[in-house]
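Structure at a glance
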Amino acid sequence: MSIQTRIQLVQGDITVQRVSAIVNAANSDLLGGGGVDGAIHHAGGPAILAECRLIRSSPDYRAGLPTGQAVITTAGNLPAEYVIHTVGPIWYGGYAGEAGLLASCYRSSLHLAAEHKLESVAFPGISTGIFDYPKPEAAAIAVREVRAFLAVNEYPRTVIFVTFDDESQRLYQQELGA
Ligand code: AR6
């Protein structure tokens with residue numbers, strides 16, 4: 001299957017996606033929040049939070065999940081099988097390593113998906129809401145990193161970008177040449 005056919009674009013709510021894993025734009029506490037994080041915990045129920053707390057109790061994550069890294073949990077009541085939680089960078093103007101950290105979110109999430117041999121993974125626009133990352137630059141990084149990863153990895157077989165607003169949908173269409 002070509003890279004182009006392994007990437008899909010959908011506008012809507014990520015919590016209803018029937019995929020192997022949806023990615024959560026979390027914060028380092030891993031205890032829930034607003035935006036897509038709030039929607040995932042609300043729809044998925046307490047099992048997700050319980051597993052996040054367990055992860056936080058391990059020595060590696062006592063201080064929280066570092067920006068750019070990812071962990072995987074159950075998806076509770078969601079139609080997806082797993083939730084991959086990653087922490088995007090807060091936008092400070094672009095001079096605080098934001099681009100590298102955002103790229104790392106996509107790579108870390110995809111690595112977990114490959115490790116677990118997941119068929120399909122759905123990504124929201126990490127950092128492009130409350131964390132204020134400019135949407136055009138974020139879409140370019142997301143598409144570049146996913147293409148690069150799929151080019152050299154069998155899993156995940158499919159990646160779905162799930163956009164919420166019309167502007168993001170247009171930006172991803174442009175990036176994907178759709
Ligand atoms: N489905 C798909 N996309 C969504 C949904 C949804 N249900 N809801 C929002 N979006 P944000 P961030 C889009 O703010 O910027 C939380 O409090 C939204 O339009 O959810 O990484 C966390 O706990 C935007 O394009 O995440 C952190 O503290 C994108 O998802 C902080 O917010 C990301 O917006 C993370 O901020």
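For the structure, check the block above.
Here goes a summary of the coordinates provided. (Residues numbered from 1 in each chain as written. Predicted model: local features only at pLDDT ≥ 70, side-chain atom pairs only at ≥ 80, totals over all residues. Heavy atoms only, no water.)

**Observations regarding the pairing of strand β2 (residues 21-26)**
When a strand is regular, its side chains alternate between the sheet's two faces. Counting buried positions along β2 yields 5 of 6 residues, so the element is predominantly enclosed. Sheet topology note: the β2/strand β4 (residues 82-87) ladder contains 6 bridges and is parallel. Counterpart to A21 in the pairing with β4 is Y82. One ladder, built from 2 bridges, connects β2 with strand β5 (residues 120-123); its direction is parallel. In the strand pairing of β5, I22 is matched with A122. (Buried < 20%, exposed > 50% of the residue type's maximum accessible area, 1.4 Å probe, protein only. Helix = DSSP H or I, 4+ residues; strand = E, 2+ residues; numbered from the N terminus. Pairing = 2+ DSSP bridges.)

**As for the state of the cysteines**
In total, this model carries 0 disulfides according to the counting rule given. The cysteine C52 is free of any disulfide, with C105 supplying the nearest cysteine sulfur at 15 Å. (Disulfide = S-S within 2.5 Å.)

**Remarks on the pairing of strand β3 (residues 70-74)**
Burial analysis of β3 places 4 of its 5 residues in the buried class, which makes it a mostly covered element. As paired strands, β3 and β4 are joined by 5 bridges and run antiparallel to one another. Of the residues in β4, the one forming a bridge with T74 is Y82.

**Considering the nonpolar core**
Ranked by size, the top nonpolar core spans 32 residues in total, and within it I84, Y106, F123, V146 and F161 carry the most contacts. Elements with a minimum of two residues in this core: β2, β3, α4 (98-115), β5, α5 (135-152), β6 (158-163) and α6 (166-176). Setting aside anything within four residues of it in sequence, one finds F123 in contact with I14, V23, Y106, S109, L110, V146, V159, I160, F161 and V162. Among the nonpolar cores identified, the runner-up in size contains 20 residues, and I22, L30, L78 and A122 belong to it. (Core = buried A, V, L, I, M, F, W, Y, C linked by side-chain atoms within 4.5 Å. Contact = heavy atoms within 4.5 Å.)

**Describing unusual backbone geometry**
Outside of glycine, negative phi angles account for most residues, and trans bonds account for most peptide bonds. Omega for the bond connecting Y155 with P156 falls within 30 degrees of zero, at -5°, which places this linkage in the cis form. One non-glycine residue with positive phi stands out, namely L30, at about 60°. Locating L30 in the fold gives a position in the loop between β2 and α2 (35-44). Look at L30 and you get buried, because its relative accessible area is 3%. Backbone geometry at S127 places phi at a positive 75°, although glycine is not the residue there. Its place among the elements puts S127 in the loop between β5 and α5. Among the residues examined, S127 registers a relative accessible area of 5% and is labelled buried.

**Some points on the sheet that holds β3**
Working definition: the strands of a sheet are paired by backbone hydrogen bonds and lie parallel or antiparallel to each other. Across the sheet, which stays open at both edges, the 6 strands sit in the order β1-β6-β5-β2-β4-β3 with mixed pairing between neighbours. The open sheet has two edge strands with one neighbour each: β1 (7-11) and β3. The sheet shows a mean angle of 25° between the axes of neighbouring strands, direction not considered. Of the pairings in the sheet, the one linking β1 to β6 comprises 5 bridges and is parallel in character. Bridged to I7 within β6 is V159. (Axes fitted to C-alpha atoms, helices over the stretch in contact; angles between N-to-C directions.)

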